[in-house]
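# Survey of secondary and tertiary structure
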Amino acid sequence: MLTKRKLSVADFLLMAESGLFAPDERLELLDGEVYVMSPPSPEHAGMVNRLVKLLERTYGERCIVAAQNPLVLDDYRLTEPDVALLKPDPSFYAASHPSAQDTLLVIEVSRSSLHYDKTEKLPRYAEAGVPEVWILDVDARQLEVYLGPARGSYRQRTLYYPGEAVTPSAFVR
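These remarks concern the structure in this document.

## Quick look at helix α2 (residues 42-59)
The terminal C-alpha atoms of α2, which comprises 18 residues, lie 25 Å apart, in line with the 26 Å expected from a rise of 1.5 Å per residue. Those residues of α2 lying buried are H44, V48, L51, L55 and Y59. The buried residues of α2 occupy an angular sector of 65° when projected down its axis, which confines them to one face. Across from the buried face of α2, at angles greater than 90 degrees, the exposed residues are P42, N49, R50, K53 and R57.

## Section: the pairing of strand β1 (residues 27-30)
Neither face of β1 is open: one carries L27 and L29, the other E28 and L30, and all of them are buried. With antiparallel pairing between neighbouring strands as the criterion, β1 and strand β2 (residues 33-36) make up a hairpin whose turn holds two residues, including D31 at a positive phi of roughly 55°.

## Quick word on empty space enclosed by the protein
Tallying each qualifying case throughout the model produces one cavity of 30 Å³ or more. Estimates place the volume of the largest cavity at around 40 Å³. Forming the boundary of the largest cavity are A66, N69, P70, L71, P81, A84, L86 and P98. Residues that form the lining of the largest cavity fall into these classes: seven nonpolar, one polar and no charged.

## Description of the packing of aromatic side chains
Aromatic ring pairs: the centre-centre distance and the angle between the two ring planes describe each pair. Throughout the structure, instances matching the rule amount to four aromatic pairs. The interplanar angle of 40° and the centroid separation of 5.7 Å between the aromatic rings of Y35 and Y116 together place this pair among those described as tilted. Of this pair, Y35 sits in strand β2 while Y116 sits in helix α3 (residues 114-128), placing them 81 residues apart in sequence. Note on Y35: relative accessible area 26%, which makes it partly exposed.

Conventions used here
- Residues numbered from 1 in each chain as written.
- Predicted model: local features only at pLDDT ≥ 70, side-chain atom pairs only at ≥ 80, totals over all residues.
- Heavy atoms only, no water.
- Helix = DSSP H or I, 4+ residues; strand = E, 2+ residues; numbered from the N terminus.
- Expected span 1.5 Å × (residues − 1).
- Buried < 20%, exposed > 50% of the residue type's maximum accessible area, 1.4 Å probe, protein only.
- Arc of directions from axis to C-beta.
- Pairing = 2+ DSSP bridges.
- 1 Å grid on protein atoms, 1.4 Å probe; cavity = no way out; pocket = protein on both sides within 12 Å on 5 of 7 lines; lining within 4 Å.
- Points joined across faces, edges and corners; volume = space filled by probe spheres on them.
- Nonpolar A, V, L, I, M, F, W, Y, C, P; charged D, E, K, R; others polar.
- Phe/Tyr/Trp six-rings, centres within 6.5 Å; stacked < 30°, edge-to-face > 60°.

Dropping the structure here:
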């Protein structure tokens, strides 16, 4: 009989710490399987840098703005969102990687990864209870905002276009 062995987040992190993966390799763990992410294009990296600067300037006193850092969704899922707004933590999550419960907002900058972000990552963010996800579709020049995780999807999807203002729901008064 042939069976698959799923990796846990603990296994995955131990493998990484042991040097089994290249230091610059971009990897994610979804449902116990390792996904190799392609390196970001200059346009993608520039957009992430721009978002980090804007979000840090606007919300940095009320949250931690993390760029392309691990986010633990459950025992078998660890993603690296392009940007995440995290609840404040005195140690800046030095003791452990943040979880979905620590997350205010996840942002994925999508070009070549649009299909993967929408069909693979978005449902897993919803299942984990990430309250809000933004997918910035670079080619379509639109921002998709997802709110209200329930049963593996989001109850609300709103599109924004250049020039339209959007505020993370955690900071709407």
